[in-house]
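Structural overview for review
Chain residues, written in single-letter form:
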Amino acid sequence: MIKIAPSILSADFCNLQREIERVPNADWLHVDVMDGMFVPNLSIGVPVVASMRKHTKRFLDVHLMVEKPGRYVEAFSKAGADLLTVHLEADMPPALHDALRAMDRCGVKKGIALRPITAAEAVLPYLEAGVDLILIMTVEPGFGGQKFMAEQLEKIAQVRRCIEKYNPACHLEVDGGVNADTARQVIAAGADVLVAGSAVYGAADPAAAVDALRG
């Protein structure tokens, strides 16, 4: 079953509870955390996740676009994240494996993310380590509203084949330029979780936009 995770990066931060309520049919809520160093943008942090947790029981999919993400695993776990995704490019492999083990200790699901420049085979050690999700970025991370990179479709298909071989329970999530048109392409390539920001919160009816993505 395809899961839809609207990105609150495109929501109205002054009315975040209302924005969450505008997508009652969404499966997850995607939370982009940016530090201004790993990506050239700043966004929300631990207090906002904690506030969201007070107002929704929805699955919180927290994407850490930060350098040395292991530093923040415990804090975001305590704030209410259900899943934490860290970038392969954000630290050295030993530190990333330490971060994944910290997620296990904190009781949150664990994910890894790949920028467009990162090859599909980079996921193999992490699939064997039992990650719950792989996130393929189909834009350069940092800003919403970017154009979908169609050349990433082959990487999505390659990662799907790796998942089927080494960790079939792992989700394959795609984020970046996802809309009703590109959703069909990424699903055909093997994705089962779709992140969409402007395609949902830029629509007159966000709930209908979620249905369009799922359909």
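Here's a quick rundown of the structure. This one's a predicted model, so the numbers in the text were calculated from it and none came from an experiment.

**Some details on the sheet that holds strand β5 (residues 109-114)**
An order of β1-β8-β7-β6-β5-β4-β3-β2 is seen for the eight strands of this open sheet, with the pairing classed as parallel. The sheet terminates laterally at β1 (3-6) and β2 (28-34), the two strands that pair on one side only. The average angle at which neighbouring strand axes cross in this sheet is 25°, direction not considered. Looking at chain direction, strand β6 (residues 133-137) and strand β7 (residues 171-175) are connected through five bridges and run parallel. Bridge pairing links L133 to H171 in β7. Along the sheet face, helix α4 (residues 93-106) touches β4 (83-87) and β5 and points at about 150° away from the line of β5.

**A word on the pattern of salt bridges**
Under the counting rule described, the total for this entry stands at 14 salt bridges. Salt-bridge contacts for R18 lead to D12; the nearest nitrogen and oxygen are separated by 3.6 Å. The partner of R18 in a salt bridge is E19, and the shortest N-O contact between them spans 3.3 Å. Salt bridges linked by common partners bring D12, R18, E19 and R22 together as one network.

Here is what the cut-offs are and how they apply
Residues numbered from 1 in each chain as written. Predicted model: local features only at pLDDT ≥ 70, side-chain atom pairs only at ≥ 80, totals over all residues. Heavy atoms only, no water. Pairing = 2+ DSSP bridges. Helix = DSSP H or I, 4+ residues; strand = E, 2+ residues; numbered from the N terminus. Axes fitted to C-alpha atoms, helices over the stretch in contact; angles between N-to-C directions. Contact = heavy atoms within 4.5 Å. Salt bridge = Lys/Arg side-chain N within 4 Å of Asp/Glu carboxyl O.

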